[in-house]
Amino acid sequence: MSVHGNCGSQDEIWADKVKKIKVVCEMKLKIDTKTRAMVHLSSLLLRKYHGGHVAIRLALGGATNRPFYRIVAAYNKRSRDGKYIEQLGSYDPLPNIYNEKLVSFNFDRIKYWMGCGAHPTKPVAKLLGLAGFFPLHPMTITEAERRIKSEAKTQKEEEEDEEEKQAEQ
Amino acid sequence: MAARCAGRALSRAARSVINAEYNRAARSQTVQRLTCTAAPGSSSSGQDADRLKAVQFADAEVQDILNRITGLDLNKVFQPVKQELKPPKYRLLTDTQLEEAAHKAGTQAKKLLKMPPVLPERKPIEEVLCEDKMLEGMDKAKYVFTDITYNIPHRERFIVVREPSGTLRKASWEERDRLLQVYFPKNERKLTPPPMFKEENLKVMFGQNRHHAVLNYCLVQFEPDSAEFKRVHALTYEDIEKNGKYNLLWSTRLFGGLVWHLISSQRIDGLLSDMLQRDRVHDAESLVHLFNLAHPQSDSALQAQQQQASGLELLKVIILTYQQPPLVL
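Note that the structure is a prediction, hence the values are computed from the model and not measured. Counting from 1, residues in each chain are numbered in the order their sequence is written. Lettering for chains starts from A, numbering for ligands starts from 1, and both go in the order in which the items are written. For a predicted model such as this one, the threshold for reporting local features is a pLDDT of at least 70, and the threshold for listing and counting side-chain atom pairs is 80 or more; totals across whole chains, interfaces and linings nevertheless cover every residue. Side-chain metrics rest on all non-hydrogen atoms present in the structure, leaving aside hydrogens and water.

*Asks:* Outline the interface of chain A and chain B, listing residues and values.
*Replies:* Interface size, as often reported, equals the accessible area lost upon joining of the parts. Contact criterion: two residues are considered in contact whenever any of their non-hydrogen atoms come within 4.5 Å of each other. Across the contact, 28 residues belong to chain A and 24 residues belong to chain B. The term buried area refers to how much accessible surface (probe radius 1.4 Å) is lost by two components on association, counted for both of them together. For the pairing of chain A and chain B, the buried interface totals around 2,300 Å² over both sides, and the portion due to carbon and sulfur atoms is 60%. Three residues, E100(A), K101(A) and L130(A), lead the burial of chain A against chain B; their summed loss comes to 25% of the area buried on that side. The rule for a salt bridge is simple: a side-chain nitrogen of Lys or Arg has to be within 4 Å of a carboxyl oxygen of Asp or Glu. At the boundary of chain A and chain B, one finds two salt bridges. Between D139(B) and K101(A) there is a salt bridge whose closest N-O contact spans 2.8 Å. In protein, a polar contact requires one atom able to donate a hydrogen and another able to accept it; more generally it is a pair of N or O atoms within 3.5 Å, and residues adjacent in sequence count only if both atoms are side-chain atoms. Between chain A and chain B we count 13 residue pairs in polar contact (both at pLDDT 80 or more) in total. Of all the secondary structure elements, the ones that give two or more residues to the side of chain A that touches chain B are strand 3 (86-91), strand 4 (100-105), helix 3 (107-115), helix 4 (122-131) and helix 5 (138-168) of chain A. Segments assigned H or I by DSSP are reported as helices when at least four residues long, segments assigned E as strands when at least two residues long, and all are numbered from the N terminus. Broken down by element, the residue count for the side of chain A that touches chain B peaks at six residues, all from strand 4 of chain A. Two strands pair when backbone bridges link them, and strand 4 of chain A and strand 2 (residues 142-147) of chain B are joined in this way by six bridges, in the parallel orientation. When DSSP finds two or more bridges between two strands, those strands count as paired.

The following block contains the structure:
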């Protein structure tokens, strides 16, 4: 390990890091980083945006009492509805006349961004799990169970209320 | 009764042609030949079946014949379509340039006359990808996931539906058509089919003789192998056949489909008599030839094969052997 800090300038430190990362990549992942096309190794080479990453998340749009989400690849620290890198799909949370919630995914580009090291957020991971692209998210199953329990509870309460009313009468 | 009338009409129309060319002796000879060869026809049909297979709509020969029958009436092909009003453009051309322009108009007309395909009806999609009982109470609405990758043909696109019961299944054809129109809209196609395609409204259109408009709109709105497409086309063709309005579709790209529908149901008598009345004898001959190709087991086909008939003899054969088509229940 070379001596850092006062001896080398920031550029030299960075060049050093990049060299090591490239060697690691070539050894572990067996990728030839020179002949590959330009890949956004986002978690490693962002000089101005140190510590950030690309996220695949829902950006809110629409109007009052009418939400509409765009599934978007954007830098983590950007605002939710601000400038994004690429739109990867859409999600309409309100069901239409056929009782369907329309979701669209550009799976080709999602695979690319996942390969570049993008992190999907929880709602996006849930939707992808429902679509069958990811394995089912555990929270989806937990929410389903919770909903069943609460519905059973409210049904029981209603039945008890009715019995009490009938008993009073 | 209807068969007799049809047969009489056919023979009336054709007699003018036959009497002009052939004398009575030739006619009596053909009648004798028919009676002699009627019996062994059934025994040789087994051998014929190997050689003569019924042709399909998409075969080159069939398309060739249908294109020839459709005709090329430039006035009707380039009929003014409702468009924005633009002032007419005048150009000064030499004779050779005029010929070239006419030639170009001919090729353009051929492009406009390209026949829409006749495909077998599509089978419903019933594939279930996954059954997750543990997701049962998750939501009351379905989730429909569409793949919007740009480079895939629409037929191979993944469109899946997650039901509230937890099953992940492929979307049905109607859902597919609707969602593809949402994400990849085509010009002039609506999400829900317009009320024009209901029975009562179709009758109104037929009353106004606007069959070509109905069929063109149907082509735009529905996929060629969907049930709706076939239903509308069948209704249109039935109406044309009932009222003998074959000339409405002549020289349009919809004529081939009409001819094929009539041939498949073996009811070409009306069309044949209409053609002969309008002095389109060559078209009538091609029509009979196509009928023999499509139904190689029918009487007229077998006898035409035995006599090596061509041209007007084909017409005689079919007039003499025409039968009421089997009732389709």
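Having seen it, we continue.
*Asks:* Outline the packing of helix 4 (residues 60-70) of chain B against helix 13 (residues 281-294) of chain B, supporting the account with residue identities and numerical values.
*Replies:* Residue and element names in this part refer to chain B. Axis lines are fitted through C-alpha atoms, for helices just across the contact stretch, and the angle between N-to-C directions can take any value from 0 to 180 degrees. As a packed pair, helix 4 and helix 13 sit with axes 9 Å apart at the nearest point and diverge in direction by 155°. Judged by the inter-axis angle, helix 4 sits roughly antiparallel to helix 13. The handedness of the crossing between helix 4 and helix 13 comes out as left-handed. Facing helix 4, whose interface residues are E61, V62, I65, L66, R68 and I69, helix 13 presents D283, S286, L287, H289, L290 and L293. Here the term charged refers only to Asp, Glu, Lys and Arg, the term nonpolar to Ala, Val, Leu, Ile, Met, Phe, Trp, Tyr, Cys and Pro, and the term polar to all other amino acids, Gly among them. Taken together, the residues of the contact of helix 4 with helix 13 break down into seven nonpolar, two polar and three charged. Roughly parallel here means an angle under 35 degrees, roughly antiparallel means over 145, roughly perpendicular means 65 to 115, and every remaining angle is called oblique. Should the near helix be turned counterclockwise from the far one by less than a right angle, the crossing is left-handed, whereas a clockwise turn marks it as right-handed.

*Asks:* Quick rundown of the sheet that holds strand 3 (residues 159-162) of chain B? Include the residues and the values.
*Replies:* What holds strands together in a sheet is hydrogen bonding between their backbones, with the strands either parallel or antiparallel. Overall, mixed pairing links the nine strands, which are arranged 5(A)-1(A)-2(A)-3(A)-4(A)-2(B)-3(B)-4(B)-1(B) in an open sheet. Of all the strands in the sheet, the pair left with one neighbour each is strand 5 (119-120) of chain A together with strand 1 (128-131) of chain B. Where helix 4 of chain A meets the sheet, it contacts strand 1 (54-63), strand 3, strand 4 and strand 5 of chain A together with strand 2, strand 3 and strand 4 (167-170) of chain B, and its direction lies at approximately 90° from that of strand 2 of chain B. Across the sheet, helix 7 (residues 173-183) of chain B is in contact with strand 3 and strand 4 of chain A together with strand 2, strand 3 and strand 4 of chain B; its angle to strand 4 of chain A comes to roughly 60°.

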